[in-house]
Amino acid sequence: MHLLLDSGAVDEIREASSWGVIRGATTNPTLLRQAGVEKISDLVASWAAAWGTLHVEVFAAGREGMVEQALRWTSLGKPLAIKVPCTPSGLAVCRELAQRQIPVNVTLVFSLSQALLAAEAGASYVSPFVGRMEDHGMKGVQLVADIRNGYDRTGVSTQILAASLRNPRHVEEVALAGAHWATMPMAVLQKLFHHPLTDDGLQRFSDDAAHLQD
Ligand code: G3P
């Protein structure tokens, strides 16, 4: 399972990328607003291909507007995936962009039925929102497992990108449930590194290294 940073903050993305553990970032209008991004084209233009793929969400009201936004951003020549909502017009946009070989991430997915529709529309990625499901008493990790099972049984190649992950347990559970990708905020990514026995071992090695020469 590959990891992505869920963030609209370029500084965060650059830092996480320097650790060598992420393959890009996912954004949404809320994250971009929090990060103070006003113009998505500016973010796309500043994107370094070495950071991996930037998943950026269209927000225009109608089908034509969403396609126009997507084509304008992809024309900047950066590695992008276009996020579209799992609605009739969003999936029509998905189909149109997929026919143009533009990778599409169908977002805000909360059921296997939606995931099957996204696959049929040609999505490269489908994003079940695990944490938000759990907020409402639904089983988010189980949905990831169900989508993986449904896709594998029917020969679907759309990749499952588990989103709305709130803690390291979510990340581990979606890996075991068969997600191909997991996106998470910086705070969760940082927590993945930590284990008290690693800290303890490092301290002991550091004490003993003080008696060594290289
Ligand atoms: O990638 C989707 C994610 O941004 C949603 O996370 O925490 O707002 O449910 P959250």
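In this text, all values refer to a predicted model and were calculated from it rather than measured experimentally.

How each quantity is defined
- Residues numbered from 1 in each chain as written.
- Predicted model: local features only at pLDDT ≥ 70, side-chain atom pairs only at ≥ 80, totals over all residues.
- Heavy atoms only, no water.
- Helix = DSSP H or I, 4+ residues; strand = E, 2+ residues; numbered from the N terminus.
- Contact = heavy atoms within 4.5 Å.
- Buried < 20%, exposed > 50% of the residue type's maximum accessible area, 1.4 Å probe, protein only.
- Arc of directions from axis to C-beta.
- Core = buried A, V, L, I, M, F, W, Y, C linked by side-chain atoms within 4.5 Å.
- Pairing = 2+ DSSP bridges.
- Right-handed = clockwise from strand over helix to strand, strands pointing away.
- Salt bridge = Lys/Arg side-chain N within 4 Å of Asp/Glu carboxyl O.

Peer 1: What is the right way to look at the environment of valine 56 in this model?
Peer 2: For valine 56, the location among the structural elements is in strand S3 (residues 53-57). Sequence-distant contacts of valine 56, that is, excluding residues within four places in its chain, are made with Thr27, Ile40, Trp73, Leu80, Ala81, Ile82 and Lys83.

Peer 1: Just checking my understanding: could you explain helix H9 (residues 168-177) for this structure?
Peer 2: Each α-helix turn comprises 3.6 residues. Residues three or four places apart therefore point the same way. When we look at burial in H9, the residues that qualify are His170, Val171, Val174 and Ala177. One side of H9 carries all its buried residues, which in axial view fall inside an arc of 130°. Across from the buried face of H9, at angles greater than 90 degrees, the exposed residues are Glu172 and Leu176. Packed against the buried residues of H9 are helix H7 (130-135), helix H8 (140-154), strand S7 (159-162), strand S8 (181-184) and helix H10 (186-193).

Peer 1: Help me out: how do you make sense of the nonpolar core in this one?
Peer 2: As a rule of thumb, nonpolar side chains are buried together in soluble globular proteins. In terms of nonpolar packing, the biggest core is built from 57 residues, with Ile82, Val106 and Val174 touching the most fellow members. It is H8 that contributes the most residues to this core, five residues altogether. Non-local contacts of valine 174, meaning those with residues more than four positions away in its chain, are made with Met1, Val130, Val141, Val144, Ala162, Leu165, Ala179 and Ala182. Grouped together as the second largest cluster of nonpolar side chains are five residues, Leu4, Ala81, Leu161 and Trp181 included.

Peer 1: Just checking my understanding: could you explain the pairing of strand S1 (residues 2-6) for this structure?
Peer 2: Across a regular strand the side chains alternate sides, sitting on one face of the sheet and then on the other. Burial runs high along S1: four of the five residues are buried. Where S1 lies against S8, four bridges are found, and the strand directions are parallel. Each bridged residue has a counterpart across the sheet, and for histidine 2 the counterpart in S8 is tryptophan 181. Sheet analysis places S1 next to strand S2 (residues 24-26), joined by two bridges and oriented parallel. Bridging from a neighbouring strand, aspartate 6 pairs with threonine 26 of S2. In this fold, S1 hands off to helix H1 (residues 10-18), which returns the chain to S2; that crossover is right-handed.

Peer 1: Would you take a moment to explain unusual backbone geometry for this structure?
Peer 2: Excluding glycine, residues mostly have negative phi values, and the peptide bonds linking residues are mostly trans. A positive phi is found at leucine 108, a non-glycine position, where the angle reads about 60°. On the accessibility criterion, leucine 108 (34% relative accessible area) is partly exposed. You will see that serine 164, though not glycine, has its phi angle at about 55°, which is positive. The topology assignment puts serine 164 in the loop between S7 and H9. We classify serine 164 as buried; its relative accessible area is 11%.

Peer 1: I tried to follow the pattern of salt bridges on my own but got confused; where do I start?
Peer 2: When the charged atoms of two side chains with opposite charge come close together, those side chains can pair. Going through the model one piece at a time under the given rule, you end up with nine salt bridges. We note a salt bridge from glutamate 57 to lysine 83, for which the minimum N-O separation is 3.7 Å. Residue glutamate 57 is located in strand S3, and its partner lysine 83 is located in strand S4 (residues 80-85); the two are separated by 26 residues in the primary sequence. Like lysine 83, glutamate 57 is buried. Across the pair aspartate 135 and arginine 166 runs a salt bridge, and its minimum N-O distance is 3.1 Å. Within this pair, whereas aspartate 135 is found in helix H7, its partner arginine 166 is found in the loop between S7 and H9, the two being separated by 31 residues in sequence. Residue classification places arginine 166 among the partly exposed residues on the basis of a relative accessible area of 39%. A cluster of three or more residues bridged by salt bridges with shared partners is formed by Arg63, Glu96 and Arg100.

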